[in-house]
Amino acid sequence: MLHLLWLIPAFPLASFVVLATLGKRMPRKMVPVFGAGSIGLSAVVTSLVGFSFLTSPPPGNSFTQVLWTWIDVGGFRPDIAFYLDALSLVMVLVVTFVGFLIHFYSAEYMGEDEGYSRFFAYMNLFVASMCTLLLGANLLLLFLGWEGVGVCSYLLIGFWYRKPENGLAARKAFIVTRVGDTAMTLGLFLLFDKLGTLNIQDLMHQALVQWPVGSTLPVVAGLLLLGGAVGKSAQLPLQTWLPDAMAGPTPTSALIHAATMVTAGVYLIARTHVLFSIAPQAQLAVAIVGAATLILAGFSAITQSDIKRVLAYSTVSQIGYMFLALGVGAWSAAIFHFMTHAFFKALLFLGAGVIIESLHHEQDIFKMGGLRKEMPVAFWTFLAGACSLAGLPLITAGFYSKGLIIWDTWSSTRGSSVLWVAAVLGVLLTSLYTFRLIFLVFFGEMKTKVHKRPGFAMMMPCVVLAVLSVVGGFVDTPEFLGNIHSFSDFMHLALPPITERPLRGMTEIGSEALVTLVFLIGLGVSYLLFIKRRDLAEAITAPAIAKALHRFWYTDWGMDWLYERVFVRPIVWIARVDKSDFIDYIYSGIALITELLYHGVRRTENGRMRWYAAGIAAGSIIFLTIVLFL
Amino acid sequence: MVLWPFVVFFFVVLLVPAGMIVLSHVLGQRHSEHATGSPYEAGIVSEGSAEVRFSIKFYLIAMFFVVFDLEAVFIVSWAVAAREVGWAGYLEILFFTIILVATLAYLWRLGALDWGPKTRRKTR
Amino acid sequence: MNGTDLTAVLPLLILTVAAVVVMVAVCIRRSHLLAVWLTLAGLAGAFVSLWTVATVAPIQVTPLLVIDGYALFYMGLIIAATFVTVILAYGYMEKQQAYREELYVLILTAALGSAVMVASNHFVSFFLGLEVLSVALYAMNAYLCNRKLPLEAGIKYLVLAAVSAAFLLFGMALIYAQLGTLQFGQIASMLIGGVSYDKTLIYPGLALMITGIGFKLAVVPFHMWTPDVYEGAPAPVAAFVATVSKGGMVALLLRYFYETGAYRLHSVFLVFSIIAIASMIAGNLLALLQNNVKRILAYSSIAHLGYMLVAFLAGGDRAAEAVTFYLVAYFVTTLGTFGVVSVLSNGERDADSMDDYEGLFWRRPILAGVFTLMLLSLAGIPLTAGFVGKFFLIAAGTSASLYGLIFTLVVTSVVGLFYYLRIIVAIYKTPAEVVTTVPAALPALSRSGNLALAGLTVLLVWIGVYPGPMLDVIQHAVSTLRIF
């Protein structure tokens, strides 16, 4: 059964080819059959593979499928091979299942769009690339997938390319992630150069053998990889592209910019965890990046007015949690949170899509309100996702995954109390912005009329994801709540458990209780400001200093402003000044010379046969001279 | 290798005809009457063009003749050595002749042997 | 001549019989489809017979022909290319107002000539094969004799090929005069084997032979006929000239110079280096601003032969493999590009102007995609056959430290990229940008041509992505070459 592995990326890829070539000619109804059906098949294959992996684990708890050798030159011999272990299995499962639900949803959501088949083609290509990224056994395939998802992200952000600002957003996403990609490419080259293999597992093994803990090379390599991860996963300081990426269709935001692609950075670090474990400084950097991001993005989320931007900042913040977990060595907690986050964030985006669609494409939350009665199913599913995001204690998945991260931050040898405080503060912020969103959108008076209600294809995925957002956390619970560790145990087949330090002053139950308390504070403040005393909210933001602060957070801590001045404008300026620099003269000179040469040699082709014959004779004479006299 | 006689010879070859042309140009008499340019200065003035078109058929038949005549050479050369080459040679010349006959049949069918303007079949 | 010998030359016999059968069929019933089917059947038969022949190979049949793995591989290549040409020619000729069926007799004859060349290790069979090929090509070039350009192409090719054949014969005569043998193997033992000989006869002999060979390969300075002939000849015929005719000569070049050891002579090396460098530079420069697609392809073929010579000069098994692999890639892409041209051509003219391709993507997206792929392969972009081929060429050149040649190869490839991209840019111009008025009615595409193109595209990508199996076959074939 494991040998079906290659089919997982193959189905979406094949469907992409079909849709890209024949999409415009096939009947409209056939498009989602291919588009969503291929992902469904992938999901089925994934579950078959996963079932076989669980029931009869392969030796070493990993399975490598070598399809063929791409090229064999000297020592360079990359295989086209897929590698399956607990880590990639969980990620691929989430990608294909959530991916399928989102494709299913899109069949209705994008139904009226003229680029229907184009949309599915891109989405399928994305899933194929993502699976390649996750399953690739060597750096080459990993890189192929990494770049593939980047391209798809670019194409889908700019999907409605007639609007110039969408094109700009797509370009921004591509360029900003490219900054990270460059760092990552350097890191990959460094690894390949120093350790001499492309195979990731061999690479990790070699790293462990050759490099002592804390030496310079692994730290440099780790930091370079972190650069790539930061770009792709929209972490500080490269997070600015993600909110703008919301210009794409909402299913895209759900799949690519919330559930899957943006967690590629998490996967990259988890996949190379051996490297980070011998580079403590780099790992600490991961933790700091995560902690800082989750707080900064949380503040930004509080001030946003566009529903999708709130969710985008929330995504940045939640991935910050995953990075924090990676940084403290809580590998399985990071993947756990990745999974639950994929469920509830995809759900929230799909719910947001439902709301936007039914309100004439209104995205401003201050123009929404009172939708609780109007759209009960949307409300309850959205609420389930939101509670999971904010970590409503005991019954939501988010509570368990986030709780685990926070506790591990405290208890790991690589954690610290500062990081722990940051994580707890994050809970407060999350709870604040989440319930602000809920209260503004679903409670209060209705400001925009509902003009259209979503059909089955759009609501079914929401319901399924809502169920998953609630029960998805029960696979791993703390000691005092059933003490289930099936997820962690499974992850430990591929990733090491955390190393606990001697505990002082805190117990797991205490930590969870504090988290609950903080959550309740956030909920309460939110209720006070956005339901009970709206005037109070206005009073708070009235003073000049508060206004400035609001503005500051609203613009993402002025990051865009800063980058615009520090990077974009100088570069554009240099480019403008240097429009025709002397290096260009060299190139245009070469072009000019070749052109002149062309006009010279062209004269030899004058169409006269006698001239041609003379050419043959002259050539012979020259060669005769050469062989006789040289 | 002694090269100089060759060089001398080369230049002599160039000089002799050049000298002839130059000398005749310098020494020769020149006149320019109104009939100087015509082919027969003292004859009947010629009429029409010398470039008369012959029917393409002549060329075609001539070419067939050359081709088949040449093939006959091969048969003759076999006939001379017929005993020595034995049955293998006989088979070879047989195949050769068969191909020749097939070619002839093809040409016949194509109308290439017909001596008349309208017998060629239309294309298609 | 016994049974085994006859088995060994089975492919040649089948091709001969097929030519005669098609001719007889034409005089019994003039049907285009029938002629094509008979031709294809003959070619398929010849191709299948290669496996039968493989059981008796390697074998020397008469002093003239050697049937070894190398010859069989090249015969297969030639027969396959001819097969594709015939399919392309069918769709192309259907649109023409002329006798169509004789073309296939000529194609079969030419393929026979080329197949003889690849199996020859004797001057006589070499020359016989060359002439069988050439004579058929004269007529093929001028086949559409109611148009002006094909006639011009035919005449030019006739005269110049005759000139070059004379040079070739003279060269052979000089070598024979000195060494007294026409057999490659015996030449080798004398040339390299320490027998003293007069260089003033042998070297000019080799140089004059290079003239004859260079003409067929269309390398500088014997290249000038190429653009005129490619432009004039009907597109499928041009494809044939570019592939089968050149392929046969490349095979012979390798066998002749490797088996006689002549490639080791310093002056031969020098002459070929000059030819290679001049071909790469001139071919790419000439194509630069050219507006006729067929002429561009002609110039690019000059450059490609120059590239092949780089690996040829490296010498040895690896070099022969590299050249052969490159030739396979070149066959696929050249047939593909000319295939697109012939599919787009109509009964009045060939689609060879750049204007014919402007905005092609918006009219025929799939065809445009195929053409793009073929051009990218010619330019040597990764994931296409052309890239892998070029890679092997450079690898072979580097292993022999031919850095000057490699440098020229790389630099001129960059120049080459320009004109391939020019066509691609034209293809993807949006309809709004297309200034010239394109005829509103598009020519109906022939299904057979599309089929051939689809096959070629698959092959192109397959060889580009997964060259392993093809490389194995080539290695196996080339290993039978007795490199002296």
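Here the residue numbering is sequential within each chain, running from 1 through the sequence in written order. Going through the entries in the order they are written, you letter the chains from A and number the ligands from 1. Only residues with pLDDT of at least 70 are given local features in this predicted model, and only at 80 or more are side-chain atom pairs given and counted; all residues enter the totals for whole chains, interfaces and linings.

Peer 1: In this structure, what is going on with the overall build of chain B? I would like to understand it.
Peer 2: Numbering of helices and strands runs from the N terminus, with a helix taken as a DSSP run of H or I at least four residues long and a strand as a DSSP run of E at least two residues long. Helix and strand counts for chain B stand at three helices and zero strands. Mapped from its N terminus to its C terminus, chain B presents α and β elements in the order α-α-α. To sort residues by burial, count the other C-beta atoms lying within 10 Å of each one's C-beta; a count of 20 or more means buried, 12 or fewer means exposed, and anything in between means partly exposed. C-beta atoms are built from the backbone. Counting every position in chain B, which comprises 124 residues, the buried fraction comes to 0%.

Peer 1: Help me understand the overall build of chain C in this model?
Peer 2: When you go through chain C residue by residue, the secondary structure sums to 20 helices and two strands. For chain C, the residues scored as buried account for 60% of the 484 residues in total. Residue pairs in contact within chain C that sit at least 24 positions apart in sequence constitute 80% of those at least 6 positions apart. Note that contacts rest on C-beta atoms placed from the backbone: two residues are in contact if these are within 7 Å.

Peer 1: Would you explain the interface of chain A and chain C in this entry?
Peer 2: A common way to report how large an interface is uses the accessible area buried once the components associate. The interface is formed by 26 residues belonging to chain A together with 33 residues belonging to chain C. Elements with a contribution of two residues or more to the side of chain A that touches chain C: β1 (63-69), α26 (582-602) and α27 (609-629) of chain A. Broken down by element, the residue count for the side of chain A that touches chain C peaks at 13 residues, all from α27(A). Residue composition of the side of chain A that touches chain C, by class: 15 nonpolar, eight polar and three charged. By the convention adopted, Pro, Cys, Tyr, Trp, Phe, Met, Ile, Leu, Val and Ala count as nonpolar, Lys, Arg, Asp and Glu as charged, and the other residues, Gly among them, as polar.

Peer 1: Help me understand the confidence of the model for chain B in this model?
Peer 2: For any part of a model where pLDDT is low, the fine detail of the predicted coordinates should not be relied upon. On a range of 0 to 100, pLDDT expresses the predictor's confidence in each residue. Mean pLDDT over chain B stands at 83; residues scoring 70 or higher make up 92%. Within chain B, the element-level pLDDT minimum falls on helix α2 (residues 56-80) of chain B, averaging 88, and the maximum on helix α1 (residues 4-27) of chain B, averaging 92.

Peer 1: Even after reading the chapter, I still don't get unusual backbone geometry, so can you show me in this structure?
Peer 2: With the exception of glycine, most residues fall at negative phi, and the peptide bonds are largely trans. Following A:Leu236, the chain continues to A:Pro237 via a peptide bond in cis, the omega torsion being 0°. Looking at the secondary structure, you find A:Pro237 in the loop between α8 (216-232) and α9 (241-244). For A:Leu394, which is not glycine, the phi dihedral falls at a positive 70°. Among the structural elements, A:Leu394 can be located in the loop between α17 (376-390) and α18 (397-411). Note on A:Leu394: 11 C-beta atoms within 10 Å, which makes it exposed. The phi dihedral of C:Thr62 falls on the positive side, at around 55°, and the residue is not glycine. For C:Thr62, the location among the structural elements is in the loop between β1 (59-61) and β2 (65-67). A count of 13 C-beta atoms within 10 Å places C:Thr62 in the partly exposed class.

Peer 1: Before we go on, may I ask you to explain the interface of chain B and chain C in this structure?
Peer 2: Taken together, the contact pairs seven residues of chain B with nine residues of chain C. In terms of residue class, the side of chain B that touches chain C is made up of five nonpolar, one polar and one charged.

Peer 1: When you look at the environment of A:Val328 in this model, what are you seeing that I'm missing?
Peer 2: Residues and elements named next belong to chain A. Looking at where Val328 falls in the secondary structure, it is placed in the loop between α14 (307-327) and α15 (331-358). Look at Val328 and you get buried, because 31 C-beta atoms sit within 10 Å. Between the C-alpha atoms of Val328 and Gly415, which are 87 residues apart in sequence, the distance is 5.0 Å.

Peer 1: I tried to follow the environment of C:Ala139 on my own but got confused; where do I start?
Peer 2: Looking at where C:Ala139 falls in the secondary structure, it is placed in helix α6 (residues 123-141). Counting along the chain gives 32 residues from C:Ala139 to C:Ile107, while the straight-line C-alpha distance between them is 9.8 Å.

Peer 1: For this particular structure, what's the right way to read the nonpolar core?
Peer 2: One recurring pattern in soluble globular proteins is that nonpolar side chains are buried together. Residues enter a nonpolar core if they are buried, belong to Ala, Val, Leu, Ile, Met, Phe, Trp, Tyr or Cys, and are joined to the set through C-beta atoms within 7 Å. A:Leu324, A:Ala334 and A:Ala346 are the most contacted members of the largest nonpolar core, which totals 213 residues. The element contributing the most residues to this core is α15(A), with 18 residues. Residues in contact with A:Leu324, not counting those within four places in the same chain, are A:Ala287, A:Gly290, A:Ala291, A:Leu294, A:Ile405, A:Thr409, A:Leu419 and A:Ala423. Membership of the second largest hydrophobic core comes to 209 residues, among which are C:Tyr70, C:Ile281, C:Val328 and C:Val370.

Peer 1: Explanation requested: the confidence of the model for chain C in the structure shown.
Peer 2: Residue and element names in this part refer to chain C. Of the residues in chain C, 97% reach a pLDDT of 70 or more, and the chain-wide mean stands at 90. Here helix α8 (residues 184-191) stands out as the least confident element of chain C, with mean pLDDT 84; helix α5 (residues 102-118) is the most confident, with 95. Here the prediction assigns the complex a pTM of 0.66, and the interface score ipTM is 0.91.

Peer 1: What should I look at first to understand the packing of helix α17 (residues 385-399) of chain C against helix α18 (residues 403-427) of chain C in this one?
Peer 2: Pairs of packed helices are described in terms of their axes, by the angle between the two and the distance that separates them. All names here are of chain C. Packing of α17 against α18 leaves a shortest axis separation of 8 Å and a crossing angle of 155°. Compared by their axis directions, α17 and α18 come out roughly antiparallel. Crossing of α17 over α18 shows left-handed handedness. Together, Ile394, Gly397 and Thr398 of α17 and Leu405, Ile406 and Leu409 of α18 make up the contact between the two elements. Partitioning the contact of α17 with α18 into residue classes produces four nonpolar, two polar and no charged. To obtain an axis, a line is fitted to C-alpha atoms, over the contacting stretch when the element is a helix, and the angle between two such axes runs from 0 to 180 degrees between their N-to-C directions. The cut-offs work like this: below 35 degrees is roughly parallel, past 145 is roughly antiparallel, 65 to 115 is roughly perpendicular, and the gaps in between are oblique. When the near helix sits turned anticlockwise from the far one by under a right angle, the crossing is termed left-handed; a clockwise turn instead gives a right-handed crossing.

Peer 1: Even after reading the chapter, I still don't get the pairing of strand β2 (residues 79-84) of chain A, so can you show me in this structure?
Peer 2: Residue and element names in this part refer to chain A. Judged by how many residues are buried, β2 sits mostly within the fold: six of six residues are covered. Burial along β2 is two-sided: Asp79, Ala81 and Tyr83 facing one way and Ile80, Phe82 and Leu84 facing the other are all buried. Alignment of β1 against β2, held across six bridges, turns out to be antiparallel. Opposite Thr64, over in β2, you have Tyr83 as the bridge partner. Note on pairing: two strands pair once DSSP finds at least 2 bridges between them.

Peer 1: What is the right way to look at the packing of α14(A) against α18(A) in this model?
Peer 2: Residues and elements named next belong to chain A. At a minimum axis separation of 9 Å, α14 and α18 run at an interaxial angle of 40°. Taken together, the axes of α14 and α18 lie oblique to each other. The hand of the α14/α18 crossing is left-handed. Every residue of α18 that contacts α14 at Tyr321, Leu324 and Ala325 is listed here: Lys402, Ile405, Asp408 and Thr409. Of the residues that constitute the contact of α14 with α18, the class distribution is four nonpolar, one polar and two charged.

Peer 1: I'm lost on helix α2 (residues 30-55) of chain A in this one. Help?
Peer 2: For an α-helix the count is 3.6 residues per turn, leaving residues at separations of three or four pointing the same way. Here a helix's expected span is defined as the number of its residues, less one, multiplied by 1.5 Å. For α2(A), spanning 26 residues, the distance from its first C-alpha to its last is 36 Å, which sits close to the expected 38 Å at 1.5 Å a residue. Of all the bends in α2(A), the greatest, near 25°, is centred on A:Gly37. The quantity called bend is, for any residue, the angle between two axes fitted respectively to the seven residues ending at it and the seven beginning at it.

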